[in-house]
Structure formats: structure tokens, C-alpha cells
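Topology and contacts: notes
One-letter residues, chain by chain:
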Amino acid sequence: QVNLVESGGGLVQTGGSLRLSCAASGGTVWQFAMGWFRQAAGKEREFVAAVSWSGSNADYADSVKGRFTISKDRAKNTLILQMNSLKPEDTAVYYCAQTRGPGTTSRKYDYSDWGQGTQVTVSS
């Protein structure tokens, strides 16, 4: 079972950028598809982005398309989420997760391993 640890969250102003990282240990980010989800206070956990096992295919929620980029860093065995043009509505705890399959999926129930999350707060 892979252990996932997120980092890179923080407080940023509207329009700013953050880069989230998800370090994997006890496994590799390259074996399966992985994704990012977020959960705002009082709301359900929602899909943000996913990338295939090879890193060649990615899917995004409509709300972040064109602003966020998901990728894998082979050398560091890390999943990355580059977030640009941040908005107050992006404020949430962000979680990385890994599936047991090769292809992207937006369904949280397809993800078997989860990190503890990192807080992102965007001020207006």
C-alpha cells in the first residue's frame, strides 16, 4: 500500500499561484492513474484533476480547466498540481489519491489510497 503525503498548500491572493506536491513512498506514482480532489468546508469532496499511469492523458473538472495542470515527476516519484489564476472558490483541503488502474477517472470511489490533505486558502 502506497503512502501519499501532500505539501505546498498555503494562503494566496486571488490571481496567485500555488504548486501542490504529493510524495509517494512504499510505491510508485507511475504504476497507476492518480488524481487530485478537494473538499471545501461543509461540502462534498469533489474531483479536480486526474492523470493516467503514464502521465500522457489528463482530465480536469470544468471549474479548473485552463488554470490547473496535473503531472508526474518521475525522478521525485511525486504527483504535481500546478494551480494558476486562483480564485476564492478554490479554497479547500486538497487531497491526492491513487487508483489501481491505468486510466483517468473522476469517481472518488475508484481511488484506493489517499493522502491526508493540504489546505489551500485564496483570499479575495
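Residues numbered from 1 in each chain as written. Predicted model: local features only at pLDDT ≥ 70, side-chain atom pairs only at ≥ 80, totals over all residues. Heavy atoms only, no water.

**Structural notes on the overall build of the chain**
- Across its full length, the chain holds zero helices and eleven strands.
- Its C-alpha radius of gyration of 13 Å places the chain within 12% of the 14 Å reference for a compact globule of 124 residues.
- In terms of overall dimensions, the chain has a C-alpha envelope of 40 × 25 × 25 Å along the principal axes.
- Counting the 124 residues in the chain, one finds 42% classified as buried.
- Taking contacts inside the chain between residues at least 6 apart in sequence as the whole, the part at least 24 apart equals 60%.
- For the chain, the computed accessible surface area is about 6300 Å², with 46% contributed by carbon and sulfur atoms.
- Computed over 13 positive and 10 negative side-chain charges, the inter-centroid distance for the chain is 3 Å. (Helix = DSSP H or I, 4+ residues; strand = E, 2+ residues; numbered from the N terminus. Rg over C-alpha atoms; globule rule 2.2 N^0.38 Å. Buried < 20%, exposed > 50% of the residue type's maximum accessible area, 1.4 Å probe, protein only. Contact = heavy atoms within 4.5 Å. Areas by Shrake-Rupley, 256 points an atom, 1.4 Å probe, with all protein chains shown as cover. Lys, Arg positive; Asp, Glu negative; His and termini not counted. Charge placed at Lys NZ, Arg CZ, Asp CG, Glu CD.)

**Re the state of the cysteines**
- For the structure shown, the criterion picks out one disulfide.
- One disulfide bridge connects Cys22 with Cys96, the sulfur atoms lying 2.0 Å from each other. Looking down the S-S bond of the Cys22 and Cys96 bridge, the torsion is 50°, so its handedness is right-handed. Of this pair, Cys22 sits in strand S3 (residues 18-25) while Cys96 sits in strand S9 (residues 92-99), and the two are 74 residues apart along the sequence.
- When its relative accessible area of 0% is taken as the criterion, Cys22 is described as buried. (Disulfide = S-S within 2.5 Å.)

**A closer look at the pairing of strand S5 (residues 46-51)**
- The buried count for S5 comes to five of six residues, which makes it a mostly enclosed element.
- Pairing geometry for strand S4 (residues 34-39) and S5, over five bridges, is antiparallel. Residue Phe37 lies in a different strand from S5, and its bridge partner there is Phe47.
- Between the antiparallel neighbours S4 and S5 lie six residues, among them Gly42 with a positive phi of about 80°.
- For S5 and strand S6 (residues 58-60), the ladder comprises three bridges, and the chain directions are antiparallel. Directly across from Ala49, in S6, lies its bridge partner Tyr60.
- Joining the antiparallel neighbours S5 and S6 is a turn of six residues, in which Gly55 adopts a positive phi near 85°. (Pairing = 2+ DSSP bridges.)

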